[in-house]
Amino acid sequence: MKKLLALLFSFLLLSSTSVFADDISDFSIEGISIGDSLLDYMTEDEILKEIERTKNHYSHLQEPNKYAEVYLLKDFPTYEDGISVLVKNNSVNKYISNKNEKYIILKVRGMMSYIEDFDSCIQKRDEIAEVISGMFPNIQKEEYSYSHSVDPSGKSMKYDVDFTFNSEDIIEVSCDNFEENLRIKNNWTEGLNIVIRSAESNKWYYNKKK
């Protein structure tokens, strides 16, 4: 049975001895898991509109359109800022040879706002990271911060705690802290992210332009 990787109400569930998972496929966010087809949650027309809208989100990568980010068009009770997923981008057929692989989900991200409340975001991040550490005492854990790729000035920061499986799949718990003028100009939110990400998407995500 898939385990719900949520916030708030999930801590008792995740700390139970019955939920120790073997790999990333044992987790879901609001019932959405790595390997699902996004067509189970949205129509193809909705997906294509989102792919067009977010087509420049990863312009800093070597292959910016190999995959696409899609925001699900519904409200979620825990993740009030929504959920996004990364899918194989077959708005063109260049990257997809098997039609059964249409819009396979490679990453799921749940988002919660902590606008101008960075300390609370870090506190919640650390609470969740502690639960995950208890579930996987031998997993590789890394904590680090870096300049956010969306801000050329380097003033916007991302603060991550990553848990890496032997498969190179990752659970990420992080806080975004955007430079305030940039955030307001773009009407962005900022705060907590919980991400489950496949090894395949990791290789693409970290292959940045020189």
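A few points on the structure. (Residues numbered from 1 in each chain as written. Predicted model: local features only at pLDDT ≥ 70, side-chain atom pairs only at ≥ 80, totals over all residues. Heavy atoms only, no water.)

## Focus: the nonpolar core
So, step 1. Membership of the largest hydrophobic core comes to 39 residues, with the highest contact counts inside it found for Leu38, Val85, Val108 and Ile171.
So, step 2. At the level of elements, α2 (44-53), β3 (67-71), β4 (83-88), β5 (105-113), α3 (118-135), β7 (157-164), β8 (170-177) and β9 (191-197) are the ones that each hand at least two residues to this core.
So, step 3. Sort the elements by how many residues they give to this core and α3 lands first, with six residues.
So, step 4. Residues in contact with Val108, not counting those within four places in the same chain, are Ile29, Ile32, Ser33, Ile34, Ile83, Ser84, Val85, Ile194, Val195 and Ile196.
So, step 5. Within the second largest apolar cluster, seven residues are counted, among which are Leu61, Leu106, Trp204 and Tyr205. (Core = buried A, V, L, I, M, F, W, Y, C linked by side-chain atoms within 4.5 Å. Buried < 20%, exposed > 50% of the residue type's maximum accessible area, 1.4 Å probe, protein only. Helix = DSSP H or I, 4+ residues; strand = E, 2+ residues; numbered from the N terminus. Contact = heavy atoms within 4.5 Å.)

## Some thoughts on the layout of surface pockets
So, step 1. When its volume is computed, the largest pocket comes out at roughly 860 Å³.
So, step 2. In terms of lining residues, the largest pocket is bounded by 32 residues, among which Glu69, Tyr71, Arg109, His148 and Val150 are the most central.
So, step 3. Elements supplying a minimum of two residues to the lining of the largest pocket: β3, β5, β8, β9 and α5 (199-205).
So, step 4. Class assignment for the residues of the lining of the largest pocket results in eleven nonpolar, eleven polar and ten charged. (1 Å grid on protein atoms, 1.4 Å probe; cavity = no way out; pocket = protein on both sides within 12 Å on 5 of 7 lines; lining within 4 Å. Points joined across faces, edges and corners; volume = space filled by probe spheres on them. Nonpolar A, V, L, I, M, F, W, Y, C, P; charged D, E, K, R; others polar.)

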